[in-house]
Each structure stands twice: as C-alpha cells, then as structure tokens.
Amino acid sequence: MSVLLHQIDKAEKRSAHIDLPALLAQSRGRVPVELNDPAALAQRKQFIRDSAESPEKADRVFERVIAGNEIQDVNYLARGEVAARAVARVAIRTAAGGLSGYGSGFLIAPSLLLTNHHVLPAAATALKSEAHFGYELDVDGHQQPVVAFALAPERFYFSSEPLDFTLVAVAPRSLDARAALSDYGYLPLVAALGKAVAGEWLTIVQHPRGERKQLCVRENKLLKRDDDVLWYSTDTLAGSSGSPVFTNDWFVVALHHAGVPLKDEAGNIQTVMGRAFNADTDDEEDIQWLANEGIRVSRIVDTLRRAMPDNPLLAPVFNATPENSRIGGAAPDAPQPAGLPAGSLAQISIPPAKESPMNYPADSNRSIVVTLGIDSAGGVSVLNSSVPAQEGFRALEGTVPKPTKAPPAFDVPFNDSYADRKGYDPAFLGSKSAHHVLLPQLTPGLAHDATLLVGSSKNYVLNYHNYSLVMHKRRKFAIYTAANVDFGGRFDLARPTDVWRYDPRIPRDAQIGEYYYSKNQFDRGHLTRREDLEYGATRTAALVSAADTCHFSNCTPQHARFNQNKSLWQGIERYLLESSIQHEAFRAQIMTGPILAEDDPVWARYDKVQYPVRFWKVVAAVSATGKLFATAYILDQSAVIAEFGIEAAPVVPFGDYMHFQVKIAEVERLTGLKFQSGMANAPKSLSDVDPLAKLTPRPRRVASRVQEAAMVNVPEGYRPLLSLDDVLVADD
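Residues numbered from 1 in each chain as written. Predicted model: local features only at pLDDT ≥ 70, side-chain atom pairs only at ≥ 80, totals over all residues. Heavy atoms only, no water.

1. As for the side chain of S677
With respect to the element layout, S677 can be found in strand β30 (residues 676–679). When near neighbours in sequence (up to four residues on either side) are disregarded, S677 contacts H436, V437, L438, L628, P683, K684 and L686. (Helix = DSSP H or I, 4+ residues; strand = E, 2+ residues; numbered from the N terminus. Contact = heavy atoms within 4.5 Å.)

2. Topic: the packing of helix α4 (residues 38–51) against helix α5 (residues 55–66)
The geometry of α4 relative to α5 is characterised by a closest axis approach of 9 Å and an angle of 140° between their N-to-C directions. The angle between α4 and α5 places the two elements in the oblique class. At the point where α4 passes α5, the crossing takes the right-handed sense. Across from L41, R44, K45, I48 and R49 in α4, the residues of α5 making contact are A58, D59, V61, F62, V65 and I66. Class assignment of the residues belonging to the contact of α4 with α5 gives a composition of 7 nonpolar, no polar and 4 charged. (Axes fitted to C-alpha atoms, helices over the stretch in contact; angles between N-to-C directions. Parallel < 35°, antiparallel > 145°, perpendicular 65-115°, else oblique. Left-handed = near helix turned anticlockwise from the far one by under 90°. Nonpolar A, V, L, I, M, F, W, Y, C, P; charged D, E, K, R; others polar.)

3. So, the pairing of strand β26 (residues 614–622)
Judged by how many residues are buried, β26 sits mostly within the fold: 8 of 9 residues are covered. Pairing analysis gives 6 bridges linking strand β23 (residues 587–594) to β26, with the strands arranged antiparallel. Each residue of the ladder has a partner; that of G593, found in β26, is W616. Of the pairings in the sheet, the one linking β26 to strand β27 (residues 628–636) comprises 9 bridges and is antiparallel in character. (Buried < 20%, exposed > 50% of the residue type's maximum accessible area, 1.4 Å probe, protein only. Pairing = 2+ DSSP bridges.)

4. Some thoughts on the packing of aromatic side chains
Applying the stated criterion to the full structure yields 13 aromatic pairs. Aromatic side chains Y502 and F552 sit 5.0 Å apart centroid to centroid with 50° between the ring planes, which places their arrangement in the tilted category. On the criterion of sequence distance, the pair formed by Y502 in the loop between β20 (478–486) and β21 (522–526) and F552 in the loop between α11 (539–547) and β22 (555–559) is long-range, its members being 50 residues apart. The exposure class assigned to Y502 is partly exposed, which follows from its relative accessible area of 24%. Here F552 falls in the buried class, since its relative accessible area comes to 4%. Here the aromatic cluster, defined as three or more aromatic residues joined through ring pairs, consists of Y76, F246 and W250. Seen from the ring of F414, R421 lies directly overhead, with NZ or CZ sitting 4.9 Å from the centre. (Phe/Tyr/Trp six-rings, centres within 6.5 Å; stacked < 30°, edge-to-face > 60°. Lys NZ or Arg CZ within 6 Å of the ring centre and 35° of its normal.)

5. A few points about the confidence of the model for the chain
Per-residue pLDDT for the chain averages 75, and the proportion of residues at 70 or more is 67%. Put simply, strand β16 (residues 380–384) is where the chain has its lowest mean pLDDT, 36, and strand β19 (residues 467–471) is where it has its highest, 98. pLDDT under 50 marks residues 330–409. Its contacts with residues more than four places away, or in other chains, come to 229 contacts. (pLDDT = per-residue confidence, 0-100.)

6. Considerations on helix α6 (residues 75–85)
Residues of α6 that are buried: Y76, R79, G80, V82, A83 and A84. The inward-facing, buried residues of α6 contact β1 (87–93), β8 (202–206) and β12 (244–247).

7. Observations regarding unusual backbone geometry
Among all residues save glycine, negative phi is the norm, and among peptide bonds the norm is trans. In the Ramachandran plot, A177 falls in the positive-phi region, its phi being about 65° despite a non-glycine side chain. The exposure class of A177 is partly exposed, given its relative accessible area of 33%. Positive phi is not limited to glycine here, since N466 has a value of about 70°. Relative to the elements of secondary structure, N466 occurs in the loop between β18 (461–464) and β19.

8. Some details on the pattern of salt bridges
The tally for this structure, following the rule as stated, stands at 17 salt bridges. A salt bridge links R326 to D249; its shortest N-O distance comes to 3.7 Å. Linking R326 in the loop between α9 (315–318) and β15 (371–374) with D249 in the loop between β12 and β13 (252–261), this pair joins segments that are 77 residues apart in sequence. A relative accessible area of 22% means that D249 is categorised as partly exposed. (Salt bridge = Lys/Arg side-chain N within 4 Å of Asp/Glu carboxyl O.)

The following block contains the structure:
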C-alpha cells in the first residue's frame, strides 16, 4: 500500500465513528456560538484571556470569534508573515541521495523541526534530507533563493508512528554557511486547551507538491475535535503533510498529516471529476476530499513530555503558554535553561536573503534510544538506553555544540601551570586488562622526530584533560592524539568563544599558530574534537575539559569545506557505539592524527610548511558481548585540494572527500605507530580485535567525479565509506 493510501486508511479508521458529511452540512452557514457547548466556549474564552494584552481586548476578540466575524486588525498579515518564516519545505532523499519527494515542516524550538512520521520515518532518512527555508515569492512576486539546512538526527530524533509525527534537529547553519537557523524563529506549541472551537476559521501554511510556500485563508473551518486529532475543511495538496494548522490568532493547533476522501457506495475514492480514483495514474490533488485531519498540538506536547520531560532542547515547547507564545507578544516569562532563546517571534529579524548554492551531505547514521536525566545544576546525562514500548521513540541528544545558545557569562577556568592534566587513561574502557587500550607506540625513528618537552631528555607526551598527544618537531603537527570519550556523562553546555593557545611545555617554534590559517581555505581543524570532551564530574569540569582541546598542538590545517561538513568523519564513533556498544557503557577510546607523508604538499606562503592531506582515526570500544573491538579509518582531502586549491576562494561543493575503513595494520604502516591493548609489559596488537582484518575486500563504489579520480591509486583492502552504513562493526 502506498504512503498516501496508508494515511487515508488510518484517517478513515479514526473518523469511522463520526459522520463527516453531516458535520460539513451542520457547520455550513453556522458560527461557533451555535456549534459548541458552554464548556467548550468557556475554555476558548479563557485561552483568549490568557493570550490577550488586556481583559477588555480579550472579551472583544472572544465575541468576534464566536460570532464568526472575520474582520481582523491589519497586523494579522504582518504576524502571519512572521509565523510563515518558520515553515520549511522538507526535501526527502533516498539512501543514495536521490530526491524521493517533498513534505512540509516547521520549527517548534530553536533547533527542532516538526513534520510527519510518514515524511521522515527513520533517522537515516532524516540524515539524507534537508529543510528548505525561504522558498517563496517576495512582495514584488520574485522568487526568493532557497536556503537549505541539513537535518541532524544524530543530535535529536524522535518519531511516533501512531501520532504520525517526527521531531528532528536541524543544523545551526545553512549548507552554504551563509544563514543561521535562528533567522527563521520558531512556532511555540502551546499545550493548553481552548485554542480553537468548532466553526472557527483556520489557516495552513504549506508547500503543496513541493512548490513555493502557499497558504489557504478562505473556507477553512474546524469541524470537530477528538482526543488525538482535529478535522477541518482546508484545501491541501501532496507535499502539505507536516504543515502547521493555525488559528486566526496564529497559534498552532495541529500538525496537518492526512485527509478523508469522498467515496461512492462501492467504497471507491472519488476524484474531483466524479470518477473512481486510480492510484497508479491519478495524483493526490485529483481526490475529492471530505475533510482534512491534523494531530492535535496538545497530544504532541503530552507525548514529548512523557518521553523526555527534562530534555533541554524541548524546554521552549514545555514552557510555551498562551501568555508568552503569542506572535507579537512579550518574551516568555517561564523559566528556561540558560542560553535557550525566548519563544517570542516578535524578536525575530530576517536579513535580506542571499543567493545560496545548495550542496548535500552524503552520509547516513543510525539512531539509538536514550533517556536523559538532568541534575540540580542543569547538567544532562544518559539514564537509560532501553526502548519505550509505546511510541516507537528514538532520540539522540547532546553530541553537537548548540550555537544558538548564548555563551556562558563567565570565563572558563584555565590552569596555566598544566599541573592538573592527567591525560589519556588506558583503562578508561574498564578495569579488565583485556579492555585496556595503550597509547600508540612510536617506532625508534618516529620517536627521534617527536618534540621533547622543555627540560626533558626523553618525555614527549603532552597530557591534557582527558587526552594526550605527541608533536612532530619537524612537521610541527601532532603525530597522534589519544582521547577518552564518554558519550554518557555529557552536560548540555553553551559553547564559549574558543581561545586558542600555544602550549608552553614545548618550544613555541615547534607549533603552527594562528597566522597559518588566515586568508585561505584552511580552518583550524581539531584532531581531538571539542565536543567529544564536553563531559566531567561537574559542569565546570566539562567546560574545562572541552576548552583544553583548543591548543595549537591539537590542530591541523583542514580544508574549510571538510572541516565544516565532516558529519560522516565525526559520526563514525557514535555509529559504532550505537551499533555494538556494551549496554549503558557509552565510552570509547579515539586516537587520531594526520598522515605525515614525505611527499605532502608545501604551502610556501608561510614557513614552507608541509600540510597533511590525509587523516587517520582508530576507535576502540567494548561490544555488547563484552569484547574489545577496534576499527581504523582514513580520510583523504587531496583530490579536492588539488582541484579547488587552498587560496581564499568561493565555497566549493562538499561530498568529494574520500573516506575509507582500513585495517589497523594499514594505519600502522602509514604512520610508524603501533596500536596495542592489554598490559604495558605484555601488549597485544589491536589488529587482533579489528573486524576488517579477516574480511575479504569487496568491490568499490564511488559517488562523484572527484571521488572516482581519487580512487585510481587507492590500494586494495581500502573499504570506501559513502555513508555510515558502509562501516563494518564488531558484530557484522
């Protein structure tokens, strides 16, 4: 059964107990005061009083509503324009990245988009898809440029098939990095009852058939409320699924998702032409609809509150009230976590749109189920990873920084004596010696090239909070970094401004500083990621740990398009944890670094420094069966740099960086490092627990011209990664 027919079938079952044709006939020509009982009208009056600027105005509005009076203040149009900004077209993409259809969606919090489950039924689908804002005509009738944002289900994904809604995080910056998601505001979901009564006029802002943003403002009447849904007579088309349903006061009352069609006596769906609908040849807009159906806002909020009551990303949803959520009203008074923006859309200011070439991420991900807890200081931690039986709930939270939050109002403490840095802990995965992962061992030749600490004749390991590294004295970049990463003990923190530092424990001239990253396409690329170390016993400890990654010793030049779009590279460890992690032990050992090849290119502008074009990563964790496993990866940016250069230039499309899963032995061959586990006096090779080590190589596949060129000289045994589904994990 097609998605359309499946949704029609569900809508018909929900409406089987009511006579929709009779409701339509009953509501025709009648006003709310004639269609509702006194209790419903009293509830409506109370909501209007709670949301109005004064009791006198509330009473006037209420009398107008129940009388069916459609005269509106002229600011109705301006407020509607503000509300419509938060509505996006959802471009649904296949696993291969091809376009499979469109839906609609809208922001209900600073970083969360609401749409239908049947639009984005899985996190993997969401990861491939995008939200397109601003696809509409301006006041002069000119097409505005589309501003595309990637979805981020690795940060948050929640889906309910019974209620047909999906809530997914959206990247904070557009794919071309020119626009911020905060530019578009959000539409608070007010759970309080009384937002609308039968006979009241409604409006849907939608992208029908994936076309420009449109709305229908005539003959849209609420017919009936049920426990889960509303029925209304609004014109919609394919692609309208996931649209917000508004009252005349621009409160969202429902998530549009389906329709109930007119049928003949034989049970055939009727078209507007008076014949039976043929699903193989007819389009959705050919159907003669009796009424449309939307999921009630109060049910959506109730479901989220029961599943994730303390999730900080949902605070704007849970704190929305009639008083603080009126478009054009005052900012919310309700308490919110520090740094979360207020819900008032009156504060939104949209800059002029800019032309935005679209490019699309080509990776995918899996999702895990987590239950989050929040401590008295506001810190978030994982409490449970079991699957709730009721709502088919899937959620991810806390692995990406939250750029929409204001920085903390204090400086992160910094101990410039470095006496408190304990560095990498080999026993981080558990007390069993079989689970110990040692620091990489340098061959004698590589040890000779290591940068010694000032005043030491043999020590070259720089210890930081939760990670350690070794520098190359000639290349001035890290040979490796090794980090303890705890995905379960994370805090939900605002990100302060990065303060990049030289490390005084090694000579200044052994480090590449800020000068190298200006006026070119190079970014300061973290090796050990800041986000990975955002954990600790307290919020302050987590901030200190994360801030310690901002040392030039932990930094390499990475092409801007890679550094800003490396979701596949950054998603590997989380994918492994979700796929094979030991229950409630969300820990990993992550070692990474550049491949410092002798033939690396030289950028002669500064110091004739050779910059790396390939990077490696080794990830170790404990599987669900209690066994240590480790996998290795290589990323190659040489093809893109060769084609587009490193001088400051217009943005180039992302997607051509080659990712490979390789044997750990291959990383050892390329770097001169040895990766070992167990006791230091009797180590074992990590290759013994590498699932790729025993795998027969499979045929390669490529996705682009540059990638195909990059594959020409790739050795056998390299496993191309076009998405995270290509990663071989311990239990495969």
